[in-house]
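Breakdown of the fold
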Amino acid sequence: MALDVDGYAVLQAMASAPEAFPDIRAEVPKAARSLVMRQLKARTLKVPALRLIRDVIGMEAFALIADGLTDAEVKAVVTRLDPHHPTLKEATPGWHRRRLAALAAGEAPLRRGETAPPESASPPAPPPRALVSRPFAATWDGVDHDAPVKTKDAAGDTKIEGKKERKDGAKKKNKKKKA
């Protein structure tokens, strides 16, 4: 009779030293995805177990693995976890995916006879981004906002601060060239 190895211990050891397994580096994500997907499809899966899976593997990894499920698989999981939801039968595949994410995030499944809170028809539109706006949409208001400013110093002399006039710069360059 052969003894079986502790799979979790082996996987944990492999994860702690991936440099020891360079030839199977491409197989590890496939195996991890496959194992989590099998657990999500298990008939014994309950909502607390779904939340635990999401907490253990992380929100991003859970979302990526859930995106790998087919529409029929997502519908089957949501139907098993939340069978009494009133909009379940006429729901779209996108609704099933959002419901699976909501259940994993902590939303409770509906009980028999309970009504679902009304869902908004569409999420609010995000504010327009500057990168999307039309280039050079600004218009000139007729005022030179970068004009030199005349100020008086402590001695009462008038000074010009801000941009220097181009004529002054041109004269200085010419003087340097002559010298």
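Further up the page is the structure itself.
Since this is a predicted model, take the numbers as computed values, not measurements.

Counting through the fold element by element, His96 comes out in helix H6 (residues 93–105). His96 sits 19 residues away from Val77 along the chain, and the two C-alpha atoms are 8.9 Å apart. Non-local contacts of His96, meaning those with residues more than four positions away in its chain, are made with Val74, Lys75, Val78, Leu88 and Ala91. Separated by 3.1 Å, the side chain of His96 and the backbone oxygen of Thr92 make a polar contact.

Right, let's talk about the pattern of salt bridges for a bit. Here the structure, examined in full by the defined rule, presents four salt bridges. Here Lys41 ties to Glu73 by a salt bridge, and the two come within 2.9 Å at their closest N and O atoms. Remark: Glu73 occurs in helix H5 (residues 71–81) and Lys41 occurs in helix H2 (residues 27–41); sequence separation between them is 32 residues. Across the pair Arg99 and Asp82 runs a salt bridge, and its minimum N-O distance is 2.6 Å. Placement of the pair is Arg99 in helix H6 and Asp82 in the loop between H5 and H6, with a sequence separation of 17 residues.

To continue, consider the nonpolar core. With 21 residues, the main nonpolar core has Leu40, Leu50, Leu81 and Leu100 as its most contacted residues. Apart from residues lying up to four places away in sequence, Leu40 is in contact with Leu45, Leu50, Ile53, Phe62, Ile65, Leu69, Val77 and Arg80.

In this fold, Met59 is placed in helix H4 (residues 59–67). Once the C-alpha coordinates of Met59 and Ala105 are considered, the two residues, 46 residues apart in sequence, prove to be 8.7 Å apart.

The space that makes up the largest pocket amounts to roughly 980 Å³. Counting residues per element, the lining of the largest pocket draws most heavily on H2, which supplies nine residues. Within the lining of the largest pocket, the residues separate by chemical class into 20 nonpolar, three polar and three charged.

Bringing a nonpolar patch on the surface into the picture now. On the surface, Phe21, Ile24 and Val28 cluster together to form a nonpolar patch covering roughly 220 Å² of accessible area. Taking the relative accessible area as the measure of exposure, Ile24 reaches 31% and is therefore partly exposed.

Procedures and definitions
- Residues numbered from 1 in each chain as written.
- Predicted model: local features only at pLDDT ≥ 70, side-chain atom pairs only at ≥ 80, totals over all residues.
- Heavy atoms only, no water.
- Helix = DSSP H or I, 4+ residues; strand = E, 2+ residues; numbered from the N terminus.
- Contact = heavy atoms within 4.5 Å.
- Polar contact = N/O pair within 3.5 Å; in protein donor to acceptor, adjacent residues only side chain to side chain.
- Salt bridge = Lys/Arg side-chain N within 4 Å of Asp/Glu carboxyl O.
- Core = buried A, V, L, I, M, F, W, Y, C linked by side-chain atoms within 4.5 Å.
- Buried < 20%, exposed > 50% of the residue type's maximum accessible area, 1.4 Å probe, protein only.
- 1 Å grid on protein atoms, 1.4 Å probe; cavity = no way out; pocket = protein on both sides within 12 Å on 5 of 7 lines; lining within 4 Å.
- Points joined across faces, edges and corners; volume = space filled by probe spheres on them.
- Nonpolar A, V, L, I, M, F, W, Y, C, P; charged D, E, K, R; others polar.
- Patch = residues over 30% accessible without salt bridge, like charges linked within 9 Å, V, L, I, M, F, W, Y side chains within 5 Å.
- Areas by Shrake-Rupley, 256 points an atom, 1.4 Å probe, with all protein chains shown as cover.

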